[in-house]
Structure formats: C-alpha cells, structure tokens
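Per-entry structural report
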Amino acid sequence: MPGFSERYGYAAPQGVPVPEQLKTETINRIWSVFFLLKYQNENDYFDMSVKFANYAKRLWFRFYKLPVDQIPQGGKEVVEFIRHAFYRYNWLEIIEFIEFHLETNDSAHDEEFAELINLVLEEENEAYRVVSNQVVCITDETELNVINESTSHTDEFSNVSEHIKTALKLFSDRSAPDLRNAIKEAISAVESACKIVSGNPKATLGQALKQIPDLPGQMQEAFSKLYGYSSNANGIRHALMDEPKLTKAEAKFMIVACASFSNYLIDSAKTKAGQ
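Residues numbered from 1 in each chain as written. Predicted model: local features only at pLDDT ≥ 70, side-chain atom pairs only at ≥ 80, totals over all residues. Heavy atoms only, no water.

Following the criterion strictly, the structure yields 0 disulfides and no others. The thiol of Cys194 is unpaired, and the distance to the nearest cysteine sulfur, on Cys258, comes to 9.9 Å. (Disulfide = S-S within 2.5 Å.)

One pass over the structure, following the stated rule, counts 7 salt bridges. A salt bridge links Lys38 to Asp110, with the shortest nitrogen-to-oxygen separation between them at 3.6 Å. With Lys38 in helix H2 (residues 24-39) and Asp110 in helix H6 (residues 110-123), this pair connects stretches of sequence that are 72 residues apart. Owing to a relative accessible area of 13%, Lys38 belongs among the buried residues under this scheme. Salt bridges sharing common partners tie together Arg29, Glu123 and Glu124. (Salt bridge = Lys/Arg side-chain N within 4 Å of Asp/Glu carboxyl O. Helix = DSSP H or I, 4+ residues; strand = E, 2+ residues; numbered from the N terminus. Buried < 20%, exposed > 50% of the residue type's maximum accessible area, 1.4 Å probe, protein only.)

Our next topic: the packing of H2 against H6. At a closest axis distance of 10 Å, the pairing of H2 and H6 adopts a crossing angle of 165°. The orientation of H2 relative to H6 falls into the category roughly antiparallel. The handedness of the crossing between H2 and H6 comes out as right-handed. Residue-level contacts link Thr26, Arg29, Ile30, Val33, Phe34, Leu37 and Lys38 of H2 to Asp110, Glu112, Phe113, Leu116, Ile117, Val120, Leu121 and Glu123 of H6. Grouping the amino acids of the contact of H2 with H6 by side-chain chemistry returns 9 nonpolar, 1 polar and 5 charged. (Axes fitted to C-alpha atoms, helices over the stretch in contact; angles between N-to-C directions. Parallel < 35°, antiparallel > 145°, perpendicular 65-115°, else oblique. Left-handed = near helix turned anticlockwise from the far one by under 90°. Contact = heavy atoms within 4.5 Å. Nonpolar A, V, L, I, M, F, W, Y, C, P; charged D, E, K, R; others polar.)

Further remarks concern the nonpolar core. Judged by nonpolar contacts, the single largest core of 38 residues is most densely connected at Ile147, Leu168, Cys194, Leu209, Ile255, Phe261 and Leu265. When residues of this core are traced back to their parent elements, those giving at least two are helix H7 (141-150), helix H8 (158-172), helix H9 (179-198), helix H10 (205-211) and helix H12 (248-272). Not counting residues within four places of it along the chain, the set of residues in contact with Leu209 comprises Cys194, Leu215, Gln220, Phe223, Ser224 and Phe261. (Core = buried A, V, L, I, M, F, W, Y, C linked by side-chain atoms within 4.5 Å.)

In contact at an axis separation of 11 Å, H8 and H12 are set at 170° when each is read in the N-to-C sense. Accordingly, the angle class assigned to the pair H8 and H12 is roughly antiparallel. Seen along the crossing, H8 lies across H12 with a hand that is left-handed. Taking contact as the criterion, the partners of Val160, Ile164, Ala167, Leu168 and Phe171 in H8 are, on H12, Lys248, Ala251, Lys252, Ile255, Ala259, Ser262 and Ile266. Split by residue class, the contact of H8 with H12 holds 9 nonpolar, 1 polar and 2 charged.

Below, the structure written as structure tokens:
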C-alpha cells in the first residue's frame, strides 16, 4: 500500500522495478535480516558457538574462498568481517550472498529468512524475488504467483515442479544463462502435466493435449505449437530454438506461459476429481 507521502502527492510513487540494481534502503534492510536471523546471537568478542564456527568455515571456504586459518577467533570479529565485506558488494554479489545462504540450509530460521528477504524485495519494489531457494528476476507479481504455484507441487505432479525449478535455475544463472535448455525444461513441465492429466504416460505433448477431456480447442491448438519452440524427443530443432539471438524476454515468456498452463491443467484436473 502506498505511504502517506505517496497518497497525498508529497513523494513520487514507486515506478517499475529496475533489474541489475538494488537501492541503498534495500541493502540496509537485507543486512538487517542477516543480522537478526544469522548473527545477533554470535556477537561476542571472545567466543563463538560450534555451529557458528562451522558456518564461518563454510563461508570462508565456499563463498569467500579465503584460507580458513584466517577466520577471526571471536564471533563479533567474524560478524564485523562479514558486515564489512557485505557493504562493499555490488547488487550482483549481494544476490549471490543471499543465494549462498538459501542453498546452505544451516539454520532453524531458513524459511523465515527467505520470507523476510522476499518481504524486503517486495516492499522496496525491487525486480527480484526468492523462488525455490533461488533469486530470480521477476518484475510482475502475477508472474511471481504463477511461478510460485508451479514450483510447489509435491504430489503426483511433483515432476512438473522440478522441470520449472530447473528452468528457473538455467534462466537465472547470471554468469552463463542457458536460455534454450530453460525453454526445453519449461515445455517439459507442460508435457509432464499433460501425460498425467490425459492418463497416457507415453504420449508426446501434442498427443496428450488431444486426449485431455474438455480442453478448449483453441487452447489445445495454441499449446500444441509450443513444440515449435523446442526440440522433440528425437532432438529435432524447431523455430525459436534455432534463433541465434534468443533473448531473456523470450525465455521468460516461455517459462511463465508454461508454468501458467501447467497450473491450469493441474487445477482443472483436481477440480474434476473433487480435490
């Protein structure tokens, strides 16, 4: 909700989230999340818990890539070192620092940590969100809700979630994003959902779409053409996948579209089954 100053014209409303940057306020609040959930109980000059010492070793060895025998002896000194390093990071290094902790799962506060990081990113109108322990660039809340739903299946549709998670990982690799394989994984999510809903585990995407009861013809036709953007089981190349300058916008569209259609198929199937 806009604050008083925005509602009454004393401050300009927040605009469209801008990728590849984080505001100073965001950085400060992210550090506060780290301090409150990770560091405040270890703020002792002369000692640190065994758990925190092991955490420091992982951080020095895997993230900082510094000699572990140079880790300060007291908890407060370790926290001061981490804080000093954090405030020298650019936006990308801060996101990588967040992801390191999302992947490590070293605390009872892991779920709360991800929730608070997301809260900060949302309230500060940043272009990034945490999805399935990854930080992804999504500037639209509707897209975020679609992705979150598609990655949360733990039942017979869990493979759908795994394909979308893999697509996100390939898409979000900031050093070398693999857009083609991200699209393939997204379409594989649709194919997996179609096979289950149609009751034919051996069907191709096109075959399964035709076997899904009550699927509108126009929707069936539209998503049959998704195969034109990927390669089939025999590795035959098609259309967009042959494009030498495949863009992140195209890959993002495909991931969100496939996630949305998978959600539609799953929700429809569960509604008919009375779940």
